[in-house]
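Okay, here's what each chain looks like letter by letter:
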Amino acid sequence: MEYLLWLAIALVAYGLIPPLTSVVTTAVPPAVALFLSTAVFLTLTFGVLLVTGTADPAYATTPAAGYVYVAGLFLAVGILAYYSALEAGPVSVVVPIYGLFIVGSSVVGIAVLGEELTGTRATGIAVAVLAIYLAASGDR
């Protein structure tokens, strides 16, 4: 159950990123905001690696590292696009639509990774799409 504490921390931390990014990108370009936030991220992550003793450079050349580099590329493109969307649109619309990545990841897990598609999972994915649609559409 330790993961629940980590999830609570992640929920609070991630929940504060979009409003802060929306405010910041009114003063600086999204790429600058991403660069600065990434510098903070890398500094803190390096500290965690040192403290936990996991800063072994050999990890950078393992067969799995290739997947990490590709994931990093997707992360960079996705976050830069997200920051640009937050600069251009309202947080209350951008964040729910961005949240569709959860549905996309679930579908990839099922279609590519062979995870089981149960009735409950299919219903959850459908309800998530509906919730995101309703949250993003507002009272038009």
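Residues numbered from 1 in each chain as written. Predicted model: local features only at pLDDT ≥ 70, side-chain atom pairs only at ≥ 80, totals over all residues. Heavy atoms only, no water.

- Under an unreviewed UniProt entry, the protein chain has the name EamA family transporter and belongs to Natronorubrum aibiense.

Observations concerning the UniProt feature "domain: EamA" (unreviewed entry) in the protein chain
Then, in step 1: Listed under "domain: EamA" (unreviewed entry) in the UniProt record, and renumbered for this structure, are residues 4-135.
Then, in step 2: From the first C-alpha to the last, residues 4-135 spans 25 Å; its make-up is 80% helix and 0% strand. (UniProt positions renumbered as here; feature names shortened; annotations may be inferred. Helix = DSSP H or I, 4+ residues; strand = E, 2+ residues; numbered from the N terminus.)

Concerning the domain arrangement of the protein chain
Then, in step 1: Per the domain assignment, the segments of the protein chain are domain 1 (1-89) and domain 2 (90-139).
Then, in step 2: Between the C-alpha centres of domain 1 and domain 2 the distance comes to 21 Å.
Then, in step 3: Contact residues are listed per partner, giving eight residues for domain 1 and five residues for domain 2.
Then, in step 4: Together domain 1 and domain 2 conceal approximately 550 Å² of surface at their shared face, both sides included; 83% is due to carbon and sulfur atoms.
Then, in step 5: For domain 1, the biggest contributors to the area lost against domain 2 are Y82, L86 and G89; these three give 63% of the whole.
Then, in step 6: Our enumeration of links across domain 1 and domain 2 arrives at zero salt bridges.
Then, in step 7: Across the contact surface, domain 1 and domain 2 share zero residue pairs in polar contact (both at pLDDT 80 or more).
Then, in step 8: Put simply, the parts of the chain that give the side of domain 1 that touches domain 2 at least two residues each are helix 1 (2-24) and helix 3 (65-88).
Then, in step 9: For the side of domain 1 that touches domain 2, the per-class residue count stands at six nonpolar, two polar and no charged. (Domains from an automatic or database assignment. Contact = heavy atoms within 4.5 Å. Buried area = accessible area lost by both parts, 1.4 Å probe. Salt bridge = Lys/Arg side-chain N within 4 Å of Asp/Glu carboxyl O. Polar contact = N/O pair within 3.5 Å; in protein donor to acceptor, adjacent residues only side chain to side chain. Nonpolar A, V, L, I, M, F, W, Y, C, P; charged D, E, K, R; others polar.)

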